[in-house]
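So the chains spell out like this:
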Amino acid sequence: MKKFSTYLLVMFMILFWILRLIITISAQLGKDFMGVVPIDPTFEVILLFAFLLCAILVVKRKLLGALLYLTLHAVYFGGDVTEKMGILSRGDTFTMSDATGLMFSIIGIILPLAVLIDLLLDRGRKEHPVDRKTDWFYKNEEYDRKLDDRADKNNYRTL
């Protein structure tokens, strides 16, 4: 995890998880947080615990973690996004809590997609890392060739 974008995405993942945790706890206490309630409380709790595994895998730069994170969030938030977009397209009344829930659901789909794209773009760098401090020595064939030429000019004679 060397890229700044990865640090930011993991930070946003954790902040979104904390927000969803607050929403779930407040719903269990019988209150709503900014008008948002969990879509399915049971699946929300499963999603909160599955996030811990996904976050560990994403920090370790495993593609499986990003795919699992995207799949779970797309299944959970995708239905809510299509339902609320249907409300908008029909022209029904769209309350402030519906708008806030739609915003959180869209963030819940965009964030895992951004994590997956970040891991896919960084894939080549992980497989073929570049370290400027040592590559000039270990990957410099001209330097090796100069040393070989210099070593061949030593004509020491033994008596």
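Notes on the structure follow. Here the structure is a predicted model, which means the values were calculated and not measured. (Residues numbered from 1 in each chain as written. Predicted model: local features only at pLDDT ≥ 70, side-chain atom pairs only at ≥ 80, totals over all residues. Heavy atoms only, no water.)

1. Side note on the overall build of the protein chain
Then, in step 1: What the protein chain contains, in helices and strands, is 7 helices and 0 strands.
Then, in step 2: For the protein chain, the sequential pattern of α-helices and β-strands runs α-α-α-α-α-α-α.
Then, in step 3: Within the protein chain, buried positions represent 31% of all 159 residues.
Then, in step 4: Pairs at least 24 residues apart make up 69% of the contacts formed inside the protein chain by residues separated by at least 6 positions.
Then, in step 5: Looking at the protein chain as shown, the accessible area adds up to about 11,100 Å², and 66% of this sits on carbon and sulfur atoms. (Helix = DSSP H or I, 4+ residues; strand = E, 2+ residues; numbered from the N terminus. Buried < 20%, exposed > 50% of the residue type's maximum accessible area, 1.4 Å probe, protein only. Contact = heavy atoms within 4.5 Å. Areas by Shrake-Rupley, 256 points an atom, 1.4 Å probe, with all protein chains shown as cover.)

2. With respect to the side chain of R61
Then, in step 1: Along the chain, R61 turns up in the loop between α2 (41–59) and α3 (63–90).
Then, in step 2: On the accessibility criterion, R61 (9% relative accessible area) is buried.
Then, in step 3: At 3.3 Å, the side chain of R61 forms a polar contact with the side chain of T6. (Polar contact = N/O pair within 3.5 Å; in protein donor to acceptor, adjacent residues only side chain to side chain.)

3. Section: the packing of aromatic side chains
Then, in step 1: This structure, assessed with the given rule, holds 5 aromatic pairs.
Then, in step 2: Between the aromatic rings of Y76 and F77, the centroid separation amounts to 4.8 Å while the plane-to-plane angle is 80°, which identifies the pairing as edge-to-face.
Then, in step 3: A relative accessible area of 1% means that F77 is categorised as buried.
Then, in step 4: Ring pairs connect the aromatic residues F16, F43, Y76 and F77, which therefore count as one cluster. (Phe/Tyr/Trp six-rings, centres within 6.5 Å; stacked < 30°, edge-to-face > 60°.)

4. Considerations on unusual backbone geometry
Then, in step 1: Non-glycine residue M34 carries a positive phi angle of around 55°.
Then, in step 2: A positive phi is found at R61, a non-glycine position, where the angle reads about 70°.

5. Details of the packing of α3 against helix α4 (residues 96–121)
Then, in step 1: Where α3 meets α4, the closest approach of the two axes is 8 Å, and the angle between their N-to-C directions is 150°. With respect to α4, the element α3 is oriented roughly antiparallel. Considering the relative orientation of α3 and α4, their crossing is left-handed.
Then, in step 2: Split into classes, the residues belonging to the contact of α3 with α4 amount to 19 nonpolar, 5 polar and 3 charged. (Axes fitted to C-alpha atoms, helices over the stretch in contact; angles between N-to-C directions. Parallel < 35°, antiparallel > 145°, perpendicular 65-115°, else oblique. Left-handed = near helix turned anticlockwise from the far one by under 90°. Nonpolar A, V, L, I, M, F, W, Y, C, P; charged D, E, K, R; others polar.)

6. Focus: the nonpolar core
Considering soluble globular proteins, one finds that nonpolar side chains tend to be buried as a cluster.
Then, in step 1: The biggest cluster of nonpolar side chains holds 22 residues, and the ones touching the most others in it are M13, Y69, L111 and V115.
Then, in step 2: Mapped by element, the contributors of at least two residues to this core are α1 (4–28), α2, α3 and α4.
Then, in step 3: When sequence neighbours within four positions are dropped, the list of residues in contact with V115 reads L9, M13, V58, A66 and Y69. (Core = buried A, V, L, I, M, F, W, Y, C linked by side-chain atoms within 4.5 Å.)

7. Considerations on the pattern of salt bridges
Then, in step 1: If you walk through the whole model with that rule in mind, you get 4 salt bridges.
Then, in step 2: Its salt-bridge partner being D118, residue R61 comes within 3.7 Å of it at the nearest N-O pair. Pair noted here: R61 is in the loop between α2 and α3 and D118 is in helix α4, with a separation of 57 residues, a long-range link. (Salt bridge = Lys/Arg side-chain N within 4 Å of Asp/Glu carboxyl O.)

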